Amino acid sequence: MSFTPGIFAGSKMYNNLIVRRLMKTLANYDLSGRNTFRMKVRCALYVEIEAEEELPALDFSALPQPVMVMGGGSNLLFTKDFPGTVLHYGVSTALDQVQGSFGPGAISGAGPGPSSVPLNALEATVGGLGPKGKNTPRPECGWTWSTEGYSVLVTIAAGTVFDDFCAWAASEGLWGPENLSLIPGECGASAVQNIGAYGVEAKDIIADIRAWDRREGRFVYIDPANCAYGYRTSKFKTEWKGRFIITAVTYRLSRTPQPRLDYGGLRKALNLKGLDLVHGKSGLGAISGGGPGPGSVPQNTPGAIVGGPGPGDKKTPRPESGWTWSKEVESLTPKIIRQTIIDIRNAKLPDPAVTGSAGSFFCNPVISKEHFERIVAMAKAENGPDYSVPHFEVGDQIKVPAAWMIEQCGFKGKRLGGAQVYQNQPLVIVNASGEATPEEIIGLETQIIRTIESKYGITLHPEVEHV
Ligand SMILES: Cc1cc2nc3c(=O)[nH]c(=O)nc-3n(C[C@H](O)[C@H](O)[C@H](O)COP(=O)(O)OP(=O)(O)OC[C@H]3O[C@@H](n4cnc5c(N)ncnc54)[C@H](O)[C@@H]3O)c2cc1C
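Residues numbered from 1 in each chain as written. Predicted model: local features only at pLDDT ≥ 70, side-chain atom pairs only at ≥ 80, totals over all residues.

### Things to note about the sheet that holds strand β12 (residues 356-360)
Part 1 of the reasoning: Sheet architecture is open: 4 strands sit in the order β12-β18-β17-β16, paired in antiparallel fashion. What marks the edges here is a single partner per strand, and that holds for β12 and β16 (415-416).
Part 2 of the reasoning: Alignment of strand β17 (residues 419-421) against strand β18 (residues 428-431), held across 3 bridges, turns out to be antiparallel. The residue of β18 that forms the bridge with Ala 419 is Asn 431.
Part 3 of the reasoning: Across the face of the sheet, helix α9 (residues 438-456) comes into contact with β16, β17 and β18 while running at roughly 30° to β17. (Pairing = 2+ DSSP bridges. Helix = DSSP H or I, 4+ residues; strand = E, 2+ residues; numbered from the N terminus. Contact = placed C-beta atoms within 7 Å. Axes fitted to C-alpha atoms, helices over the stretch in contact; angles between N-to-C directions.)

### Section: the nonpolar core
Part 1 of the reasoning: Leu 77, Ile 246, Val 249 and Ile 429 are the most contacted members of the largest nonpolar core, which totals 97 residues.
Part 2 of the reasoning: If one sorts the elements of this core by residue count, strand β11 (residues 244-254) sits on top with 7 residues.
Part 3 of the reasoning: Setting aside residues up to four positions removed in sequence, Ile 246 forms contacts with Ala 158, Gly 188, Ala 191, Val 192, Ile 209 and Ala 211. (Core = buried A, V, L, I, M, F, W, Y, C linked by C-beta atoms within 7 Å. Buried ≥ 20, exposed ≤ 12 C-beta atoms within 10 Å, placed from the backbone.)

### Looking at the site of the ligand
Part 1 of the reasoning: The ligand sits among 36 residues. The nearest are Gly 71, Gly 72, Gly 185, Gly 188 and Gly 359.
Part 2 of the reasoning: Counting residues per element, the ones that place at least two in the shell around the ligand are β3 (67-70), α3 (187-193), β7 (196-197), β11 and β12.
Part 3 of the reasoning: When residues in the shell around the ligand are grouped by element, the largest group, 5 residues, is from α3.
Part 4 of the reasoning: A class-by-class count of the residues in the shell around the ligand yields 20 nonpolar, 13 polar and 3 charged. (Near = placed C-beta within 6 Å. Nonpolar A, V, L, I, M, F, W, Y, C, P; charged D, E, K, R; others polar.)

### Brief notes about helix α6 (residues 334-348)
Part 1 of the reasoning: Across its 15 residues, α6 extends 21 Å between first and last C-alpha, which sits within 8% of the 21 Å expected from 1.5 Å per residue.
Part 2 of the reasoning: What α6 keeps buried is the set Pro 334, Ile 337, Arg 338, Thr 340 and Ile 341. The buried residues of α6 occupy one face: seen down the axis, they fall within an arc of 165°. With respect to the buried face of α6, the exposed residues turned more than 90 degrees away are Asn 346 and Ala 347. (Expected span 1.5 Å × (residues − 1). Arc of directions from axis to C-beta.)

### Considering the sheet that holds strand β9 (residues 206-213)
Part 1 of the reasoning: With antiparallel pairing, 4 strands are arranged side by side in an open sheet as β6-β11-β9-β10. This sheet does not close on itself; its edge strands, each paired only once, are β6 (151-157) and β10 (218-222). If you compare each strand with its neighbour and ignore which way they point, the axes differ by 20° on average.
Part 2 of the reasoning: By the bridge criterion, 7 bridges tie β9 to β11 in an arrangement that is antiparallel. Each bridged residue has a counterpart across the sheet, and for Trp 212 the counterpart in β11 is Ile 245.

Now the structure itself:
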């Protein structure tokens, strides 16, 4: 999300807030271009942070209250004008400056990055230019690089568009975020929301978080193990709400293949692209020839074993012993997975550049097995004895897709004024007219919640944050 520099460098009203630097502040700011739902609302003051050192210099108590931090505004529903300050951390990493820097080498120097960076990993870019060229690590810019590790730690400024980071990682052949491709928003929010898609969550790749602690008035590094990450949630959304302004996220990427293909039709879509992947667990193995499949293929192993003694020598497939290997699979790359996910998402989800929404409006509820059995009985009575209700086991409980319930209740495509349940994915409410009001979105939300409560005895909770 790009920010158009305002005409003020400190508005008249709030000049006294700006201590050392000229920070961009805009009074009575129109937020309609800053939230993907396109709600036409204003905030009393908008502050764009353009350098990390502006944070210690900012007198938060002098700002119109309350103060909220926003990223790309893609998980927010503004329900009315915001009476306080909306602050955006606008520092982003120049990813084009960090290409081609992941070869072997030795650690030299230490940047300002996370204390937890292991010696044999690479760290890149905190605010600085980042590594350009293998032989010239520049600790003064906040990055160092190293030898043997298979992990690559990359520190990305919080204001960087998350999908730009995904595209960069894929183009560098680095594994980790490819399944999260095309999720709107910024890197800072990825650590707040624990964004997730296609079997991967941000917590799987977050190694460290740097933030300004408003309570203590200092920069801190936060270990993700302390963030209580769960399904689209973290302490940043609960007990730490409003306390930290995330300025950088360090992601742990991998130089060795780590494809995760078993969710959301990804494997099938790759198959349709001509990649000869078999069902089973997501190894890299593929089979051309018969056999029970590569359940036993260790992850990250190109080629697959079927029945026989297996590919001790990859170059000599031995169909007579029951195994062959596939060249296509060796060429499975994060780039291919990224593009496949982009294709799937584009077919299902509204493009925020065209249609306003905040993605999935509701969280998928998790219920007891007994409760689920009652729903199954109801669904079979309505749709016939062979009908099966989509679900996922989560420990000893069951997650039921909210989209399924919304569709069963007849809401798919339903409109209320300018708001509409998206035809291709009923979990999404869209601003169909482009002029929908917060009241219309909330009206549709309320109808859905009430109907599902009365039919299934389940209360849906919004994933979208109401402001
Ligand atoms: C079409 C569409 C598809 C989507 N698909 C997915 C999906 O597949 N998976 C998924 O998980 N989400 C999805 N989303 C939701 C959304 O993209 C994510 O929640 C995203 O992480 C929000 O990022 P943002 O930068 O827009 O954050 P915002 O919406 O601006 O803010 C989200 C929260 O993060 C906080 N925050 C933001 N930046 C910072 C910071 N620097 N420091 C501290 N707090 C901060 C805000 O205060 C707020 O609480 C989708 C949204 C849309 C519109």
